[in-house]
Amino acid sequence: MLIIGIPKEIMHGEARVAATPETVSKFVKDGFRVLIQKNAGLGALYHDEEYASAGAELVDSPREIYDQAHIILKVKEPQMNHELGLHEVDMMHQGQYLITFIHPASPVNHDMVRRLAQQGVIGLTLDGVPRISRAQNLDALTSMSTCAGYKGILMAANDLASFMPMMGTAVGMIPPAKALIIGVGVAGLQALATAKRLGCQTYAADIRPAAVEQAQSLGAKVVDLGVPAELAVAEGGYANTLPEHVLVEERKRLMEVIKDMDVIFCSALIPGKIAPILITEDMVRQMKKGSVIVDISIDQGGNCEITPAGERAVKHGVILEGIKNIPGMLPKSSTWMFANNMYNLVKYLVKDGAVHLDMNDEICAKILVTRDGQIVHAGTLEAMAAK
């Protein structure tokens, strides 16, 4: 019988958990044994008694989970457990499967990925799930992007020193805030819709023609970045990696717009690779004082050159939001979505009581990071070589 382990997330402020009582019940019915650390779901308002009723076995220590489980389900990448004085990777063992957001191409995670390989852990990263029709219900990145787009704009609204909507007052008219969404994928579209609902004057920038059309359908004014479609669009409709001289021209065009913006929401990503730098420090210097950049691409390095990873900071008079766990600020909704994605992915990978990784299958090939003591993820190897 395969054992699934659900440890409590240890990242500061992370309230999500990788399973709900509902998905635990499904796993148990499918023949899995489920171990979950006590209070793992408390931050998302899922309680131990609910997990126990669903058939989970509650354990005190994460060590017991890492010792026994064949498959570890997590929300965030492995980190140092300061309470135990051990890194989570060091508690894992050879042949164990880890399914989580590893973000392996991000330079801050390279040492951790190397340690996963050394431990013999088979690492599967959720940010590698391809956006194809048969993978939709496995795609936790899309689910979390929906949460990040919505909550990220609410964070910007909270940071601003002025109203977002136009306000008519007895002493005059206050104009609406201007919001630019860079990268109009799932998160960007949700951010755009939320900014629009809050009364912002909305702008959108994306190198993909299809994304631009969607932004226009939501009423955004499009910023032309001047990148030819044949250069901009990669396989599967994703944004492509651009040569540096093209990025330089793209930044010039953005600069003409961002100096007038009150809010910039950054979500431009290239699957499995480091996020492109679209806003340099010099560009930030020229922005309005009190304006806000919410950089949700920070897990893959960030779209702004000076976004502080995992923190909120003020630089050159601009508020920079580099918080990494924005979906965790909506713990109930994001956990429900994430847990269902995890259940569907495990069900997809497990056949006849064992995990099967068919490397001819696009889904398996794209999510595999480490195997047989080696790093096999193409985007990660490329990023490591570039250091």
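Given the structure is predicted, the values throughout are model-derived calculations rather than measurements. (Residues numbered from 1 in each chain as written. Predicted model: local features only at pLDDT ≥ 70, side-chain atom pairs only at ≥ 80, totals over all residues. Heavy atoms only, no water.)

Student: I keep staring at the sheet that holds strand β7 (residues 97-100) and nothing clicks. Help me out?
Tutor: The strands making up a sheet associate through backbone hydrogen bonding, with each pair oriented either parallel or antiparallel. As summarised here, the arrangement of the 8 strands in space is β3-β2-β1-β4-β7-β8-β20-β21, forming an open sheet in which the pairing is mixed. For this open sheet the edge positions go to β3 (57-59) and β21 (374-375), each flanked by a neighbour on one side alone. Two elements, strand β20 (residues 368-371) and β21, share 2 bridges in a ladder whose sense is antiparallel. Paired with R371 across the two strands is Q374, which belongs to β21. (Pairing = 2+ DSSP bridges. Helix = DSSP H or I, 4+ residues; strand = E, 2+ residues; numbered from the N terminus.)

Student: Where do I start with helix α6 (residues 186-197) in this structure?
Tutor: Residues spaced three or four apart along an α-helix face the same direction, because each turn holds 3.6 residues. Taking 1.5 Å of rise per residue, the 12 residues of α6 would be expected to cover 16 Å, and the 17 Å separating its terminal C-alpha atoms lies within 8% of that figure. Elements in contact with the buried residues of α6: α5 (140-159), β11 (178-182), β12 (201-205), α7 (209-217) and β14 (263-266). Two residues or fewer after α6 comes G199, characterised by a positive phi angle close to 95 degrees. (Expected span 1.5 Å × (residues − 1). Contact = heavy atoms within 4.5 Å.)

Student: Would you take a moment to explain unusual backbone geometry for this structure?
Tutor: Generally, phi is negative for residues other than glycine and the peptide bonds are trans, each holding for most cases. For L45, which is not a glycine, the phi torsion comes out positive at approximately 70 degrees. Its place among the elements puts L45 in the loop between β2 (33-37) and α2 (48-54). At D352, a residue that is not glycine, the phi angle is positive and equals roughly 55 degrees. Within the element layout of this structure, D352 appears in the loop between β18 (350-351) and β19 (354-355). By relative accessible area, D352 is classed as exposed at 82%. (Buried < 20%, exposed > 50% of the residue type's maximum accessible area, 1.4 Å probe, protein only.)

Student: I'm lost on the environment of V294 in this one. Help?
Tutor: Structurally, the position occupied by V294 is in strand β15 (residues 292-295). Residue class for V294 comes out buried when judged on its relative accessible area of 1%. The spatial distance from the C-alpha of V294 to the C-alpha of I319 is 8.4 Å, given a sequence separation of 25 residues. With sequence-adjacent residues up to four places away left out, V294 is seen in contact with G152, A156, I264, F265, C266, E321 and I326.

Student: Is there a simple way to think about the packing of aromatic side chains in this case?
Tutor: Pairs of aromatic rings are described using the distance from one ring centre to the other and the angle between the two planes. Applying the stated criterion to the full structure yields 3 aromatic pairs. Ring centres 5.5 Å apart and planes at 80 degrees place the aromatic pair F27 and F32 in the edge-to-face group. Taking the relative accessible area as the measure of exposure, F32 reaches 10% and is therefore buried. Arranged with centres 5.1 Å apart and planes meeting at 65 degrees, the rings of F27 and Y343 form a pair that is edge-to-face. With a gap of 316 residues between them, F27 in helix α1 (residues 21-29) and Y343 in helix α11 (residues 331-349) connect regions that are remote in the sequence. Of the two residues, F27 and Y343, both sit in the buried class. Aromatic ring contacts, followed pair by pair, group F27, F32 and Y343 into a single cluster. Lying over the aromatic face of Y46, K332 brings its terminal NZ or CZ to 4.1 Å of the ring centre. When the ring centre of Y348 is taken as origin, the NZ or CZ atom of K351, which lies over that ring, is 5.3 Å away. (Phe/Tyr/Trp six-rings, centres within 6.5 Å; stacked < 30°, edge-to-face > 60°. Lys NZ or Arg CZ within 6 Å of the ring centre and 35° of its normal.)

Student: Just checking my understanding: could you explain the pattern of salt bridges for this structure?
Tutor: Where charged atoms of side chains with opposite charge meet at close range, the side chains can pair. Within the structure shown, the criterion is met by 22 salt bridges. Taking the shortest distance from any N to any O, the salt bridge between D159 and R312 comes out at 3.2 Å. On the criterion of sequence distance, the pair formed by D159 in helix α5 and R312 in strand β16 (residues 312-315) is long-range, its members being 153 residues apart. With a closest N to O distance of 3.4 Å, E321 and R312 form a salt bridge. Using a relative accessible area of 43% as the deciding quantity, one classes R312 as partly exposed. Through salt bridges with shared partners, one network takes in E9, K74 and E88. (Salt bridge = Lys/Arg side-chain N within 4 Å of Asp/Glu carboxyl O.)

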